[in-house]
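# Notes for the structure review
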Amino acid sequence: QVQLVESGGGLVQPGGSLRLSCAASGSIFRLYVMNWYRQAPGKQRELVVGITSAGTTNYVDSVKGRFTISRDNAKNTVYLQMNRLKPEETAVFYCYAVIQTMNNNPPLAYWGQGTQVTVSS
């Protein structure tokens, strides 16, 4: 059984910062890519940024220079530092990871429950 648990969401003023965390727990043999998605009200879920186990990152253009993803492989945790947040970035942020639970099992995709980020004055 694998779980992804996000934390760090909340209310922040425009221009402010938040740091999200996502910890994977359970029977983890190997942790592959870890991504952050967001879903704004009335919109589709979109990929914000991803990071491979080797540390290669891929950001959506709209967050480049403001958001930074990092991961601690020893803790099976991924972080998202978000700076200069904008009101239109109010959304539920979801963690996504591809995880292999045992050596002979195929890797599977897992989602966290989401954490609300509200950018408002």
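Preceding block: the structure.
Computed from a predicted model, the values in this text were never measured in an experiment. (Residues numbered from 1 in each chain as written. Predicted model: local features only at pLDDT ≥ 70, side-chain atom pairs only at ≥ 80, totals over all residues. Heavy atoms only, no water.)

Taken as a whole and assessed by the stated rule, the structure comprises one disulfide. Shown here is the disulfide that connects cysteine 22 with cysteine 95, its sulfur atoms set 2.1 Å apart. Taking the sign of the S-S torsion, about -80° here, the bridge from cysteine 22 to cysteine 95 comes out left-handed. In this pair, cysteine 22 sits in strand E3 (residues 18-26) while cysteine 95 sits in strand E9 (residues 91-100), placing the two residues 73 residues apart along the sequence. (Disulfide = S-S within 2.5 Å. Helix = DSSP H or I, 4+ residues; strand = E, 2+ residues; numbered from the N terminus.)

This part covers the sheet that holds strand E8 (residues 77-82). Pairing is antiparallel in the open sheet, where four strands are placed in the order E1-E3-E8-E7. Strands with a single pairing partner mark the edges of an open sheet, and in this sheet they are strand E1 (2-7) and strand E7 (67-72). Direction aside, the axes of adjacent strands within the sheet are offset by 15° on average. As paired elements, E3 and E8 share six bridges and run antiparallel to each other. Looking at the pairing, leucine 18 lines up with methionine 82 of E8. (Pairing = 2+ DSSP bridges. Axes fitted to C-alpha atoms, helices over the stretch in contact; angles between N-to-C directions.)

A separate point is the side chain of arginine 38. Looking at where arginine 38 falls in the secondary structure, it is placed in strand E4 (residues 30-39). A distance of 2.6 Å separates a polar atom in the side chain of arginine 38 from a polar atom in the side chain of glutamate 46. One polar contact links arginine 38 to serine 62, side chain to side chain, over a distance of 3.5 Å. (Polar contact = N/O pair within 3.5 Å; in protein donor to acceptor, adjacent residues only side chain to side chain.)

A complete count under the given rule lists four salt bridges for this structure. The residue aspartate 61 makes a salt bridge to lysine 64 at a minimum N-O spacing of 2.9 Å. The partner of glutamate 89 in a salt bridge is arginine 66, and the shortest N-O contact between them spans 2.5 Å. Placement of glutamate 89 in the loop between E8 and E9 and of arginine 66 in the loop between strand E6 (57-59) and E7 is noted, with a sequence separation of 23 residues between them. (Salt bridge = Lys/Arg side-chain N within 4 Å of Asp/Glu carboxyl O.)

That's the geometry; what it means functionally is another story.
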